[in-house]
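Here are the chains, one letter per residue:
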Amino acid sequence: MPDEQESLFAAVDALLEEAAQDPLPHPDERKRLREAAGLSQDQIAKALSVRRETITSWETGRTAPRAPKRAAYARLLEGLSTLHPVNAVNAPAPAPEPTVNAVNAPATPEPTVNAVNTPPPAPVAPEPTVNGVNAVNAPAPDPAATPQPAPPTPTPAQTVNGVNAVNAPGPEAQPRSRERAGRGTAPQGHPPTPLEGNGPLLVLDGTDKAHAARGLLLPLPPKARTDLPTLIAWALGPDADLRSPRLHRNGKDGDPLLVLTPAAVEALGLPPTLEDRRTLRLPEGHPTLKLLAKAKWQLTRRGFGPWPRIYRPASPTTGRQCVQLAVLPWGALDARAWGEHTAELPAPELAELLTTYATRVLTPRGSTAVSGLELMTALRPPTRAARNPDTNVWESAPVPGSLTRAVDPAPPEAPDEHPVVAALHPRSHQRTPDQVLDEEAYDWIRDPELLTDAECTRTHAVGIDVNMAFAAAANRLPVGLGPAVHTPAPRFDPKIPGCWLADLSTLELDPRLPSPFTPSGHPPTGPAWYATPTLAYAQELGHPVHPTEAWLRPDHGPYLDAWYTRLRDAYVATMADLGVTSGLPEPEFLAAMAELQEHPDPVLKPVLSAIKSTVKGGIGKLRERPQGAAYRPGEPWPALERPTWRPDIRAAVISTARVNMHRKMLKLAAAGLHPIAVLSDCAVYLSDGPGPLDFLPRTPEGKPLPGGFRLGVSPGMVKHEGTQSLLWAVEMLDQGLNPARHIKGHDAAADGE
């Protein structure tokens, strides 16, 4: 009883604190008052000692001002409202009075007032979620556990009114106290996946409340602050109302995510750090593990580490029961992916940050690499429910265009540790180019002896970086869906994914450009294995292609298209929220990017970093290598059991990205410009000025060179990566170091770039 009373008092205190704040008009009214007074956002920002972007956030409702700025802003708006009151001219049109019941409902021949005299609607697909009434506590069925028939043609969703929505909060009502929003929290526009319920995740800070999106505070039940089984049971129940809707109609709803701060870790009796740095798991026999086992909860094979997944086996009565944890003090949010100090943000801002990522990409299920891989499966589920026409029974059937089962790689595609390679070569054998497929990103520098006199007169080395290069390469890329078929003496077909053994060593290329056929940029010296995009580019360059052997995948399709589209939209929307939009002219784009670097947003900048890491990490996970000191080469490892362990798809994406890079560099070479270094998606050119516009070639009309590098925010376009002096670049080349790696002034690998 004392615990319950304490919880109630805390909730009341939170409401009183919220009510005691200086009142503010609606965000639309804030903007109207400023414009009516003829004031700019810059003027108000200067008066309140904040940034212009902060005023924009206040006027769009993305964030709310905090003390002491809030009182000053409220005083300003109150004064402006006296000078510019709402009148009949500028007042918004009143909304029509809602039809609540038979008292204020107009008479109609066939009155339909509420659910009592309204016939039930026909089934629709997808099930409409009009508001919180017809969505509360109604988790979507798992197609694998409860197969459903094919949906009929969707019909318009019926309007829910006040009668059949008793006690349901409206769109503006808040069921619980809302804490003041953090800096730069909610994104502008509609997120790709609208929030349902209280959102997909909660951040716990050791108090008796949990932080959700938009500043929502949820009171925890007694014992949940200190007892993990109680917390998990509550998180799966209707009071928490956590929802992560599926991204594909044949997929599964996401599991609730509980983010544990150091204070929450301490309150739950977990250690502040993991002593076993090798396995990164809670040791067997820990009291928390005993509590979970006693409550019949289980852990997945990866155990209780930074991202433990806790579940109970699905049953016909309970369905799927699973909760994902993220333990921040154990390194759940890698600084290389999420940015420095992101894990140390206040709980409200951390909740907004992770919810923004969840709505735009996926509710985090592990590292950004894990999330990138699981996003592929979420968008292209392997199975669906289908009715057997012979037995009239629902069964699991494959989804066309998906990866439905694990397949062995072709011998050239397999890494050295794979059982396929172990069966062909002894452990000490070093495979040669005609035995292994080597499709990796560029790491090339030009021989300093090849620098021309004209280049040596230039003053700067300028780096340009391709936005989301791997994501752009995945767009419309056909990849294999099934096993590889060995084909001797094949005829090359650029439409069939696979790997081919061919000799490209006779093709003469400009030595001031890297070779498009090798990651090192050095020309090939004999027969070697190439992915289809590389060999197709050789054919595009006019080289006769006559492969002697191939491993081909006749069953293929654009598996990564949906993955690319979602990540592209997430990246572009986040950049737009940060003030960098696709419609900016090139000088304004460069200025916006420079301002973005100088004024980092504590919420959206980590989201942007995580999106980029999701792309590269997800592609990398397609060829996950074995881990752990106990592994022995030649033995299978757990990742091989996944349908998404596909080194051939990874090779095709990287091959395409490298070819795209070379194709653009070749266009600039025709205009007399050659790079001095290339690292993955960054190229460094010598220039007479410090920026990209000082060297990127233009047409006579002043437009960007067709087919070359173009400045902009979209994937495949480029941004300014960094500038150094000519002397610095030449010294790097003389030392055999790659200027592209250090053009920012530090190691680009530290940024995951």
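Parameters at a glance
Residues numbered from 1 in each chain as written. Predicted model: local features only at pLDDT ≥ 70, side-chain atom pairs only at ≥ 80, totals over all residues. Heavy atoms only, no water. Helix = DSSP H or I, 4+ residues; strand = E, 2+ residues; numbered from the N terminus. Buried < 20%, exposed > 50% of the residue type's maximum accessible area, 1.4 Å probe, protein only. Polar contact = N/O pair within 3.5 Å; in protein donor to acceptor, adjacent residues only side chain to side chain. Core = buried A, V, L, I, M, F, W, Y, C linked by side-chain atoms within 4.5 Å. Contact = heavy atoms within 4.5 Å. Arc of directions from axis to C-beta. Pairing = 2+ DSSP bridges. Axes fitted to C-alpha atoms, helices over the stretch in contact; angles between N-to-C directions. Phe/Tyr/Trp six-rings, centres within 6.5 Å; stacked < 30°, edge-to-face > 60°. Lys NZ or Arg CZ within 6 Å of the ring centre and 35° of its normal.

Asker: Describe the overall build of the protein, with residues and values.
Answerer: The secondary structure content of the protein amounts to 21 helices and 20 strands. Across the 753 residues in the protein, those meeting the buried criterion constitute 46%.

Asker: Before we move on, could you go through the side chain of R360 and cite the residues and values that matter?
Answerer: One can find R360 in helix α10 (residues 347-360). With relative accessibility at 2%, the residue R360 sits in the buried group. Within polar-contact distance, the side chain of R360 engages the side chain of D577 at 2.6 Å.

Asker: Describe the nonpolar core, with residues and values.
Answerer: Membership of the largest hydrophobic core comes to 86 residues, with the highest contact counts inside it found for W563, I611, Y685 and F709. The element best represented in this core is helix α19 (residues 647-670), accounting for nine residues. If we skip the residues at most four places from it in the chain, F709 touches I464, V466, M661, K664, M665, L668, Y685, L696 and V718. With 32 residues, the next largest nonpolar core counts L218, I232, V265 and W297 among its residues.

Asker: Run through helix α4 (residues 52-60), naming residues and quoting values.
Answerer: For α4, the complete set of buried residues consists of I55, T56, S57, W58 and E59. Looking at the buried positions of α4, the neighbouring elements they touch are α2 (27-36), α3 (41-48) and α5 (69-83). Phi turns positive, to about 80°, at G61, one or two residues after α4.

Asker: How would you summarise unusual backbone geometry if you had to cite specific residues and measurements?
Answerer: With a phi angle near 60°, N392 is a residue other than glycine that sits in the positive phi range. Checked against the element boundaries, N392 lands in the loop between β8 (383-387) and β9 (394-398). Given the relative accessible area of 51%, N392 is considered exposed. Unlike most non-glycine residues, A489 shows phi in positive territory, near 45°. Within the secondary structure layout, A489 lies in the loop between β13 (485-488) and β14 (498-503).

Asker: Describe helix α8 (residues 287-294), with residues and values.
Answerer: Within α8, the full set of buried residues consists of T288, L289 and L292. Projected onto a plane normal to the axis of α8, the buried residues spread over an arc of 100° and lie on a single side. The exposed set on the far side of α8, more than 90 degrees from its buried face, consists of P287, K290 and K294. Packed against the buried residues of α8 are α6 (228-235), β5 (298-299) and β6 (309-315). Taken from the residues just after α8, K296 is the one with a positive phi, measuring 70°.

Asker: Tell me about the pairing of strand β1 (residues 201-204), residues and numbers included.
Answerer: Of the two faces of β1, the one holding L201 and V203 and the one holding L202 and L204 are both buried throughout. Across four bridges, β1 lies against strand β4 (residues 257-260) in parallel orientation. Within β4, the position partnered with V203 by the bridge is V259. One ladder, built from two bridges, connects β1 with strand β2 (residues 209-211); its direction is antiparallel. Within β2, the residue paired with L204 across the bridge is A210.

Asker: Talk me through the pairing of strand β19 (residues 682-687); I want residue IDs and the actual numbers.
Answerer: A large share of β19 lies buried, amounting to six of its six residues. Both faces of β19 are covered, namely the face carrying C682, V684 and L686 and the face carrying A683, Y685 and S687. Looking at chain direction, strand β11 (residues 460-466) and β19 are connected through six bridges and run antiparallel. Residue V462 lies in a different strand from β19, and its bridge partner there is Y685. Here strand β18 (residues 677-679) folds back onto β19 in antiparallel fashion, the turn holding two residues, of which S680 has a positive phi close to 55°.

Asker: How would you summarise the sheet that holds β4 if you had to cite specific residues and measurements?
Answerer: Taken together, the seven strands give an open sheet; going across it, the order is β3-β2-β1-β4-β7-β6-β5, and neighbouring strands pair in mixed fashion. Of all the strands in the sheet, just β3 (217-219) and β5 have a single pairing partner and so form its edges. As defined by bridge partners, β2 adjoins β3 across three bridges and the pair is classed as antiparallel. Of the residues in β3, the one forming a bridge with H211 is L217. α10 rests against β1, β2 and β4 of the sheet, and its axis sits at about 155° to β1.

Asker: How would you sum up the side chain of E624? Please name residues and give values.
Answerer: When you line up the elements, E624 lands in the loop between α18 (604-621) and α19. Contact partners of E624, with chain neighbours within four places excluded, come to W637, A639, R642 and W645.

Asker: With reference to specific residues and values, describe the environment of H546.
Answerer: Structurally, the position occupied by H546 is in the loop between α15 (532-540) and β16 (549-552). Expressed as a C-alpha distance, the spacing of H546 and R491, which sit 55 residues apart in the sequence, is 7.1 Å.

Asker: Got a sec to walk through the sheet that holds β18? Specific residues and values, please.
Answerer: A sheet is described by the order of its strands in space; here five strands give the open sequence β10-β18-β19-β11-β20, paired in antiparallel fashion. The open sheet terminates on both sides in strands that have one partner only, identified here as β10 (443-445) and β20 (718-725). Taken over all neighbouring pairs, the strand axes of this sheet differ in orientation by 20° on average, direction set aside. Direction of pairing for β10 relative to β18: antiparallel, over a ladder of three bridges. Across the sheet, W444 pairs through a bridge with V678, a residue of β18. Relative to the sheet, helix α20 (residues 726-734) contacts β10, β11, β19 and β20, its axis offset from that of β20 by approximately 90°.

Asker: Quick rundown of the packing of aromatic side chains? Include the residues and the values.
Answerer: Within this structure, the stated rule accounts for nine aromatic pairs. Ring geometry for F304 and W330: centres 5.9 Å apart, planes at 70°, overall edge-to-face. Here the residue F304 occupies a position in the loop between β5 and β6, and W330 occupies one in the loop between β7 (319-327) and α9 (335-338), the gap between them amounting to 26 residues. Owing to a relative accessible area of 1%, F304 belongs among the buried residues under this scheme. W330 sits in the buried class, given a relative accessible area of 4%. Between F492 and W500 the ring centres are 4.8 Å apart and the planes differ by 70°, which places this aromatic pair in the edge-to-face class. Aromatic ring contacts, followed pair by pair, group Y631, W637 and W645 into a single cluster. Directly above the aromatic system of W297 lies the positively charged group of R312, at a separation of 3.9 Å from the ring centroid. Seen from the ring of F470, K616 lies directly overhead, with NZ or CZ sitting 5.8 Å from the centre.

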